[in-house]
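Here is what each chain is made of, one letter per residue.
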Amino acid sequence: MTHTRETTLEINLPAIKHNYNLLKGKIKPTTKFMAVVKAYAYGSDAPKIAIFLEKLGVDYFAVAYTDEGIALRNAGITKPILVLHPLPVHFNEIINYRLEPSLYSFNVLEVFLEAAKNEKEYPIHLKFNTGLNRLGFVKMDIALISGKLLHQKNVYVASVFSHLGASEDLNEKDFTMRQILSFKEIKASLAEKFSHKPLYHLLNTSGILNYTTSAQFDMVRSGIGLYGFGNDAQYDALFKTVLSLKSVISQIHNIAPGNSIGYNQGHIADKAMKTATIPLGHADGIGRQYGKGKAHVTIHGHKCPIVGNVCMDMLMVDVSEVQCKEGDEVLVFGKSPTAGEFAATAGTISYELIAGISQRVRRKIITH
Ligand SMILES: *Cc1c(COP(=O)(O)O)cnc(C)c1O
């Protein structure tokens, strides 16, 4: 493989295929699969990944916001796209681009019904809150919801869903089981309310891994698993690495004892040391919390801790013990350390690190 010559996020499509097949293998062949490609496909490249996943046969896509759905339509995606968190100001665009809104409150339901008053059976999705307390109707709302939807032909309920708040943490199994029970109650009280049967769905990636027998319903929604993370060492090992962030050494400095490195003298050399400057900073998604020795990058297989404060466009690492030169390749995260391991050095998680890799970083698609 050719050497990286600039900061690059490599996106490995065969690894996505492996992860997709792994997740599909956990569910019944009849269960539909919704691929979550919100936030630039977790910081990677939503159009390219969605096109790839559409060919692999996913049934549905999900994004968080309307613009993300429009970008997928503009890229040629024809499968249904659920917008998880649409805002009323975008309802006309939602309809123009044939996106499908998640409706989570009476206010958004009313506004959408008005926006869709010239439509025929426009697909909508009802989001229920079963414990996350973030977005969603509650079970008590059902009578009023069905009253509003009865005797109108402008929209139809394509699906009913909720979201688990702790599916990755088996210490919180009781909480999750209560959410599952609550969703089953919602499903039971919605039965017979609509002229057709909507799809029901609850599980995210960790839900698929931990609760697939008790709560699979008609569809599952997976994001992080497709990108290679199972939120648990045992599951992580089954997934393949999709995203690798690489960079290069821009310059090497020899620092005399007593001299400082970076803004605000973030590090003061207590002995002679050698540093490498890397063209990657907090504007690229590697925040200041990784500085001051918390995280390291890997150069020629050696761990090189970040010294001092991460700058906007650069960071400096300690290469005192490493034979290296300007232009040499730097691995930030990938197979080892994984993005999850790198994130953990600053007390955060894979989701935050990868979704935060900014659009300034060049993406490179690896196809084989
Ligand atoms: C982001 C999101 C998902 C995907 O979760 P993963 O843990 O990445 O699989 C599923 N459902 C909803 C409602 C989400 O917001």
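As a starting point, this report considers the structure included with it. What you are looking at is a predicted structure, and each value in this text was computed from that prediction instead of being measured.

Section: the side chain of Asn-129
Here's step 1: Among the secondary structure elements, Asn-129 is positioned in the loop between β6 (122-127) and α7 (142-149).
Here's step 2: In terms of polar contacts, Asn-129 uses its side chain to reach the backbone amide nitrogen of Leu-132, at 3.4 Å.
Here's step 3: Non-local contacts of Asn-129, meaning those with residues more than four positions away in its chain, are made with Leu-135, Gly-136, Phe-137, Val-138 and Ser-162.

A look at the pattern of salt bridges
Here's step 1: Applying the stated criterion across every chain yields a total of 11 salt bridges.
Here's step 2: Taking the shortest distance from any N to any O, the salt bridge between Glu-10 and Lys-246 comes out at 3.2 Å. Taken as a pair, Glu-10 in strand β1 (residues 8-12) and Lys-246 in strand β10 (residues 243-248) lie far apart in primary sequence, 236 residues in all.
Here's step 3: Residue classification places Glu-10 among the buried residues on the basis of a relative accessible area of 6%.
Here's step 4: On the accessibility criterion, Lys-246 (13% relative accessible area) is buried.
Here's step 5: Note that Glu-114 and Lys-117 form a salt bridge whose closest N and O atoms lie 3.2 Å from each other.
Here's step 6: One salt-bridge network, in which partners are shared between bridges, spans Asp-284, Asp-313 and Arg-360.

Section: unusual backbone geometry
Here's step 1: Between Ser-336 and Pro-337 the backbone carries a cis peptide bond, its omega angle lying at -5°.
Here's step 2: Tracing the chain through its elements places Pro-337 in the loop between β18 (329-333) and α11 (339-344).
Here's step 3: In this structure, Ala-39 is a non-glycine residue whose phi angle is positive, near 50°.
Here's step 4: Along the chain, Ala-39 falls in helix α2 (residues 38-43).
Here's step 5: Judged by relative accessible area, which is 28%, Ala-39 ranks as partly exposed.
Here's step 6: Of note, the phi angle at Asn-133 is positive, near 55°, even though the residue is not glycine.

Observations regarding the site of the ligand
Here's step 1: Close to the ligand lie 13 residues, the nearest being Lys-38, Tyr-42, Thr-205, Ile-224 and Tyr-351.
Here's step 2: Between Tyr-42 and the ligand, the recorded distance is 2.5 Å, taken from a side-chain N or O atom to an oxygen atom.
Here's step 3: A distance of 2.8 Å separates a nitrogen atom of the ligand from a polar atom in the side chain of Arg-221.
Here's step 4: In isolation the ligand has 390 Å² of accessible area, and contact with the protein removes 94% of it.
Here's step 5: Put simply, the ligand lies in the largest pocket.
Here's step 6: Those elements that place two or more of their residues in the shell around the ligand are α2 and β9 (219-222).
Here's step 7: Split into classes, the residues belonging to the shell around the ligand amount to five nonpolar, five polar and three charged.

What counts as what
Within each chain, residues carry numbers counting from 1 in the order of the written sequence. Local features in this predicted model are restricted to residues of pLDDT 70 or higher, and side-chain atom pairs are both shown and tallied only at a pLDDT of 80 or more, whereas totals for entire chains, interfaces and linings draw on every residue. Excluding hydrogens and water, the side-chain figures rest on all heavy atoms present in the structure. Starting at the N terminus, helices and strands are each numbered in turn, a helix being any DSSP run of H or I of at least four residues and a strand any DSSP run of E of at least two. The term polar contact refers here to a pair of N or O atoms within 3.5 Å; inside protein, the definition further demands a hydrogen-donor-capable atom paired with an acceptor-capable atom, and it admits residues adjacent in sequence only when both atoms are side-chain atoms. Any pair of residues with heavy atoms lying within 4.5 Å of one another is described as a contacting pair. Throughout this description, the term salt bridge denotes a Lys or Arg side-chain nitrogen within 4 Å of a carboxyl oxygen of Asp or Glu. Throughout, exposure labels follow a simple rule: accessible area from a 1.4 Å probe, protein chains only, divided by the maximum for the residue type, with under 20% read as buried, over 50% as exposed, and the rest as partly exposed. Neighbouring residues are identified by heavy atoms, a residue being near a molecule or strand if any of them is within 4 Å of it. What sets the accessible areas is the Shrake-Rupley method with a 1.4 Å probe; for residues, cover comes only from the shown protein chains. Lining residues are defined by having an atom within 4 Å of a point belonging to a cavity or pocket. Those points lie on a 1 Å grid over the protein atoms alone, cavities being sets where a 1.4 Å probe fits but cannot get out and pockets being open sets with protein on both sides within 12 Å along at least five of seven lines. By definition, a pocket or cavity contains a molecule when more than half of the molecule's atoms lie within 2 Å of the pocket's grid points. Residue type decides the class: Asp, Glu, Lys and Arg count as charged, Ala, Val, Leu, Ile, Met, Phe, Trp, Tyr, Cys and Pro as nonpolar, and the leftover types, Gly among them, as polar.

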